[in-house]
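Observations on chain architecture
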Amino acid sequence: MPLEPGALARLVSDSCGLPFEARRLTGASTLQIYPSGLPVQNTFTIQTAVGWRNVEVSFVPGSFAGDFVRHMGLADRGARGSCAAVLARCIHDGATVTLKINGQPARPDDPSGWDAEWMRLELSVRRGQLDLGNGEEDNEKICAWTQQVTAAIVALLPLEQDEILTENLQGGFPEGAKTQVEVNRYERDRRNRAAALAIHGYACVVCSSDLGDRYGPSAVGLIEVHHVTPVSKLGPDYCINPATDLVPLCPNCHRVAHRRDPPFTVDELKAMLVRPPASAI
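Structural notes, computed from the coordinates. No experiment lies behind these values; they were computed from the predicted model shown.

About the criteria used
- Along each chain, residue indices are assigned from 1 in the same order as the chain's sequence is written.
- Only residues with pLDDT of 70 or above have their local features reported here, since the model is predicted, and side-chain atom pairs are shown and tallied only from 80 upward, although totals for entire chains, interfaces and linings are computed over all residues.
- As a rule here, side-chain values come from all non-hydrogen atoms in the structure, and water together with hydrogens is ignored.
- Definition used for salt bridges: Asp or Glu carboxyl oxygen within 4 Å of a side-chain nitrogen of Lys or Arg.
- Counting from the N terminus, the helices are DSSP H or I runs at least four residues long and the strands are E runs at least two residues long.
- Working definition: with a 1.4 Å probe on protein chains only, accessible area under 20% of the residue-type maximum means buried, over 50% means exposed, and in between means partly exposed.
- Any pair of N or O atoms that falls within 3.5 Å is considered a polar contact. Within protein, one atom must be able to donate a hydrogen and the other to accept it, and sequence-neighbouring residues count only if both atoms are side-chain atoms.
- Two cysteine sulfurs form a disulfide in these notes if their separation is within 2.5 Å.
- Only Phe, Tyr and Trp rings take part, Trp by its six-membered ring, and two of them pair if their centres are within 6.5 Å. Stacked means planes under 30 degrees apart, edge-to-face means over 60, and tilted covers everything else.
- Placement of a charge over a ring requires the Lys NZ or Arg CZ to be within 6 Å of the ring centre, with the centre-to-atom vector within 35 degrees of the ring normal.
- Note on patches: the residues involved have over 30% relative accessible area and no salt bridge, like charges join within 9 Å, and the nonpolar side chains Val, Leu, Ile, Met, Phe, Trp and Tyr join within 5 Å.
- Using a 1.4 Å probe, the Shrake-Rupley method yields the accessible areas, and only the shown protein chains count as cover for residues.
- In summary, the charge assignment counts Lys and Arg as positive and Asp and Glu as negative, without counting His or the chain termini.
- Every charge is mapped to an atom, namely NZ of Lys, CZ of Arg, CG of Asp or CD of Glu.
- Any two residues having at least one pair of non-hydrogen atoms within 4.5 Å are treated as being in contact.
- Axes here mean lines fitted to C-alpha atoms, for a helix over just the part in contact, with angles spanning 0 to 180 degrees between N-to-C directions.
- What sets the label is the angle itself: under 35 degrees gives roughly parallel, over 145 gives roughly antiparallel, 65 to 115 gives roughly perpendicular, and the rest give oblique.
- Put simply, a crossing is left-handed when the front helix is turned counterclockwise from the back one by less than a right angle, and right-handed when it is turned clockwise.
- Nonpolar residues are Ala, Val, Leu, Ile, Met, Phe, Trp, Tyr, Cys and Pro. Charged residues are Asp, Glu, Lys and Arg, and all others, Gly as well, are polar.

1. Focus: the pattern of salt bridges
Within the structure shown, the criterion is met by 5 salt bridges. A salt bridge links R70 to D67, with the nearest nitrogen and oxygen atoms 2.2 Å apart. One end of the pair is R70 and the other is D67, both in helix α2 (residues 66-72) and 3 residues apart, which spans about a single turn. We classify R70 as partly exposed; its relative accessible area is 28%. The exposure class assigned to D67 is partly exposed, which follows from its relative accessible area of 48%. E268 is the salt-bridge partner of R260, the closest N and O atoms lying 2.9 Å from each other.

2. Observations regarding the side chain of H254
Positionally, H254 belongs in helix α8 (residues 251-257). For H254, the side chain forms a polar contact with the side chain of H226, separated by 3.4 Å.

3. A word on the state of the cysteines
A complete count under the given rule lists 0 disulfides for this structure. Cysteine C83 is unpaired, with the sulfur of C90 as its nearest cysteine sulfur at 9.4 Å. According to the relative accessible area criterion, C83 is buried, its value standing at 3%. Free cysteine C253: the closest other cysteine sulfur is in C250, separated by 3.6 Å.

4. What to know about the packing of aromatic side chains
One pair of aromatic rings is described through two measures. These are the centre distance and the angle between the planes. Under the criterion given, the structure shown has 4 aromatic pairs. The ring of W52 carries R53 above its face, with NZ or CZ at 5.8 Å from the centroid.

5. A short note on a negative patch on the surface
There is a patch of like negative charges on the surface, built from D131, E136, E137, E140 and D213. The biggest single contributor to the negative patch is helix α4 (residues 136-154), with 3 residues. Of note, E137 is situated in helix α4.

6. Things to note about the environment of S58
By the secondary structure assignment, S58 is in strand β4 (residues 55-61). Taking the relative accessible area as the measure of exposure, S58 reaches 17% and is therefore buried. C-alpha of S58 to C-alpha of R126: the two residues are 68 residues apart in sequence and 8.5 Å apart in space. Contact partners of S58, with chain neighbours within four places excluded, come to T45, I46, Q47, L123 and S124.

7. Focus on unusual backbone geometry
The linkage connecting D261 with the following residue, P262, adopts the cis geometry, with an omega of 5°. Along the chain, P262 falls in the loop between α8 and α9 (266-272). One non-glycine residue with positive phi stands out, namely N102, at about 55°. Mapping N102 onto the fold places it in the loop between β5 (96-101) and β6 (104-105).

8. Things to note about the packing of helix α3 (residues 77-92) against helix α6 (residues 190-200)
Interaxial distance between α3 and α6 falls to 9 Å at its minimum, and their mutual angle equals 15°. Taken as axis vectors, α3 and α6 run roughly parallel relative to one another. Two packed elements cross with a definite hand, and for α3 against α6 that hand is left-handed. Residues S82, A85, V86 and R89 of α3 pack against N192, A195, A198 and I199 of α6. Tallied by class, residues from the contact of α3 with α6 come to 5 nonpolar, 2 polar and 1 charged.

Put into structure tokens, the structure is as follows:
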């Protein structure tokens with residue numbers, strides 16, 4: 001069954017924390033997603049073209065998106081690093097990544113050469129030699145590649161972080177409140193979350209649970225993102241590396257991780273898992 005545009009939009013929206021809409025081009029095996037409620041001509045679309053044994057996902061700026069692209073070029077070191085980490089993962093997974101800034105080729109996995117004032121941005125990720133023709137498995141592959149490219153772009157957008165309770169952090173909170181706010185800031189920043197899921201996927205790294213597999217379509221993409229380094233050790237200028245600093249955890253494992261300060265490590269959590277007796281398997 002062909003991938004429904006609405007299903008793709010929901011998955012990308014959930015992972016990125018931004019609302020997207022989607023459509024299928026008439027008479028073509030091509031899907032487009034775009035930010036909901038914003039004029040496409042001033043922003044962008046992500047276009048996913050499905051071939052016989054390949055998928056190509058491209059960033060397509062709008063006709064009047066020059067200012068938008070220039071603002072993307074002003075992204076800070078951490079945002080560029082997140083984008084590069086996602087693109088490096090695409091390369092690791094066998095894709096060909098084409099990145100051009102102002103018409104000049106740039107290394108997608110090395111943001112140190114992205115310092116020119118951006119006038120134009122071209123980005124495409126092509127994965128060939130795919131085993132397509134397997135129904136739902138094909139849809140999962142298409143979603144995954146689309147989500148990765150979208151996460152790379154979202155990393156560069158001028159978004160504000162989700163800082164819960166920050167405005168009210170004046171005093172009188174119970175001990176540990178400031179730490180919790182910092183956890184929210186570092187772990188729930190929509191750009192970091194999108195990049196982490198693009199790199200690591202949606203299965204819990206501790207118990208391997210994929211809530212979409214367990215509960216069905218309503219839980220697809222439902223996962224939490226955990227910071228593996230205690231927040232207290234992060235300085236104000238620390239740049240999150242979503243490939244090494246963030247991991248997906250199911251809600252259960254995430255709650256257990258924070259039962260201790262500092263949190264339990266991934267390896268400690270894996271060692272804690274209670275295995276059922278052989279007779280019960």
